[in-house]
Amino acid sequence: MGKFALAAKITHVPSMYLSELPGPHQGCRQAAIDGHIEIGRRCRALGVDTIVVLDSHWLVNSAFHINCGAYFEGIYTSNELPHFIQDMRFAYEGNPEFGKLMQEEIAQTGVRVQSHNIKSLELEYGTLVPMRYMNQDRHFKVVSVSAFLTSHELQDSRKFGEGLRKAIEKYDGTIAVFASGSLSHRFIWDREASRGMDSYTREWDRQVDKHVVGMWERGEWAEFTAMLPEYAEYCYGEGGMHDTAMLLGLLGWDNYDKPVEIITAAFPSSGTGQINAIFPVND
């Protein structure tokens, strides 16, 4: 029987990579980087062998998709923000066995889902950025899930998470799952880009994120799941916040009752709201 060891909502802002480089923004995201390092440390302590990343930067227009290639290696430049991430090297082991098991179990929920072991199917930076800080030594195998879903219902993402939990239970190993995406996501207007590096685009988003994080800290999951569709809509949730719906489906949705542990306090980045938070796993 498999073990579900750790769940988290994590940031993947490209300014984390920029933060490494000499220049005016060097060190600007050290707190977020340190948060990733700490989450990786905890995964090691718990015996995790595979990390599943629910990647809200992987856009798909039909079905749910799982990238469970055997091996990922390359040099990545973001076509969205090439001035933030360019020539970033990566190399990670995949887990085709678990990706296929995910597909089989999630399909039982009625969700249209496919798993892919395709050498040319590349990872997006919603997976690559956190793995850079958690997995540079290739300690963990990596499976990436599409979570920027343009024609999908949040309730189907909930079902995806429920099916993922079944797959973990049948897996001979230990799994961690990360929802890789933002809180609010109203990206800063281009003419205000320099101001937006460390601020919200709108005060509305800052206030709603503040309230939401408080709900998470108090374990108010029935209330949060009820407001999730409106939160995703009114605060421009990244990828429709399908990563968050998947994570909460995995954890029990409105029956989940654990307060989160904040690893990196909520912070703004290019107008958006970001956080690293561990969601304690129910036994």
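In what follows, the structure referred to is the one given above.
Residues numbered from 1 in each chain as written. Predicted model: local features only at pLDDT ≥ 70, side-chain atom pairs only at ≥ 80, totals over all residues. Heavy atoms only, no water.

(A) Representation of the overall build of the protein within the structure. Along the protein, the regular secondary structure elements total nine helices and ten strands. Considering only C-alpha atoms, the protein reaches an extent of 50 × 40 × 35 Å along its principal axes. Counting across all 283 residues of the protein, residues that qualify as buried make up 57%. Across the protein, the fraction of contacts at a sequence separation of at least 24, relative to all contacts at a separation of at least 6, is 80%. Working note: accessible area of the protein is about 12,100 Å², and carbon and sulfur atoms make up 48% of it. Averaged over its 26 positive side-chain charges, the protein has a centre that lies 1 Å from the centre of its 37 negative ones. (Helix = DSSP H or I, 4+ residues; strand = E, 2+ residues; numbered from the N terminus. Buried < 20%, exposed > 50% of the residue type's maximum accessible area, 1.4 Å probe, protein only. Contact = heavy atoms within 4.5 Å. Areas by Shrake-Rupley, 256 points an atom, 1.4 Å probe, with all protein chains shown as cover. Lys, Arg positive; Asp, Glu negative; His and termini not counted. Charge placed at Lys NZ, Arg CZ, Asp CG, Glu CD.)

(B) Spatial organisation of the packing of aromatic side chains. Summed over all chains, the structure comprises eleven aromatic pairs. With a centroid separation of 6.0 Å and an interplanar angle of 75°, the aromatic rings of Phe224 and Tyr231 are classed as edge-to-face. A relative accessible area of 0% means that Phe224 is categorised as buried. Under the relative-accessibility criterion, Tyr231 is labelled buried at 2%. Through pairs of rings, three or more aromatic residues link up here, namely Trp216, Trp221, Phe224, Tyr231, Tyr256 and Phe279. A cation sits over an aromatic face here: Arg186 above Trp189, 4.2 Å from the ring centre. (Phe/Tyr/Trp six-rings, centres within 6.5 Å; stacked < 30°, edge-to-face > 60°. Lys NZ or Arg CZ within 6 Å of the ring centre and 35° of its normal.)

(C) Inspection of the state of the cysteines at higher detail. Counted under the stated rule, the structure contains zero disulfides. Cys43 carries a free sulfur, and the closest cysteine sulfur to it, the one in Cys68, is 20 Å from it. Residue classification places Cys43 among the buried residues on the basis of a relative accessible area of 0%. (Disulfide = S-S within 2.5 Å.)

(D) Broad picture of the pairing of strand S3 (residues 64-67). Residues Phe64 and Ile66 line one face of S3 and the alternating positions His65 and Asn67 line the opposite face, and both faces are buried. One ladder, built from two bridges, connects S3 with strand S7 (residues 141-149); its direction is antiparallel. Considered in S7, the bridge of Ile66 is made with Val145. (Pairing = 2+ DSSP bridges.)

(E) Molecular detail of the packing of helix H2 (residues 30-45) against helix H4 (residues 125-134). Following both chains from N to C, one finds H2 and H4 inclined at 70°, their axes separated by 8 Å at the closest point. Here H4 runs roughly perpendicular to H2, going by the angle between their axes. Relative to H4, H2 is oriented so that their crossing is right-handed. Together, Ile33, His36, Ile37, Ile39, Gly40 and Arg44 of H2 and Val129, Pro130, Tyr133 and Met134 of H4 make up the contact between the two elements. Its residues assigned to classes, the contact of H2 with H4 shows seven nonpolar, two polar and one charged. (Axes fitted to C-alpha atoms, helices over the stretch in contact; angles between N-to-C directions. Parallel < 35°, antiparallel > 145°, perpendicular 65-115°, else oblique. Left-handed = near helix turned anticlockwise from the far one by under 90°. Nonpolar A, V, L, I, M, F, W, Y, C, P; charged D, E, K, R; others polar.)

(F) Representation of H2 in the model. Counted at 1.5 Å a residue, the expected span for H2 with its 16 residues is 22 Å, and the 22 Å between its end C-alpha atoms agrees. Every buried residue belonging to H2 is among Ala32, Ile33, Gly35, His36, Ile39, Gly40 and Cys43, and all of these are buried. One side of H2 carries all its buried residues, which in axial view fall inside an arc of 155°. Turned more than 90 degrees away from the buried face of H2, the exposed residues are Ala31 and Ala45. The elements touched by buried residues of H2 are strand S1 (3-10), helix H1 (15-18), H4, strand S8 (174-180), strand S9 (261-269) and strand S10 (272-279). (Expected span 1.5 Å × (residues − 1). Arc of directions from axis to C-beta.)

(G) Local environment of the pairing of S10. Within S10, eight of the eight residues are buried, which leaves it mostly tucked inside the rest of the structure. Every second residue of S10 is oriented toward a common face, with Thr272, Gln274, Asn276 and Ile278 on one face and Gly273, Ile275, Ala277 and Phe279 on the other, all of them buried. Relative to S10, S1 runs antiparallel, the two being bridged by three bridges. Its bridge partner lying in S10, Lys9 is registered against Ala277.

(H) Main features of unusual backbone geometry. At Asp87, a position not held by glycine, the phi torsion is positive, near 55°. Unusually for a residue other than glycine, Trp253 sits at a positive phi of about 55°. Position of Trp253 relative to the elements: it lies in the loop between helix H9 (242-251) and S9. According to the relative accessible area criterion, Trp253 is buried, its value standing at 5%.

(I) The arrangement of the pattern of salt bridges in detail. Summed over all chains, the structure comprises 14 salt bridges. Taking the shortest distance from any N to any O, the salt bridge between Arg158 and Glu162 comes out at 3.2 Å. One end of the pair, Arg158, and the other, Glu162, are both in helix H5 (residues 154-170), four residues apart, so they sit about a helical turn from each other. Between Arg195 and Glu192 there is a salt bridge; the shortest N-O distance is 2.7 Å. Judged by its relative accessible area of 41%, Arg195 falls in the partly exposed class. It is possible to trace a salt-bridge network through shared partners that takes in Glu38, Arg41, Arg42 and Glu261. (Salt bridge = Lys/Arg side-chain N within 4 Å of Asp/Glu carboxyl O.)

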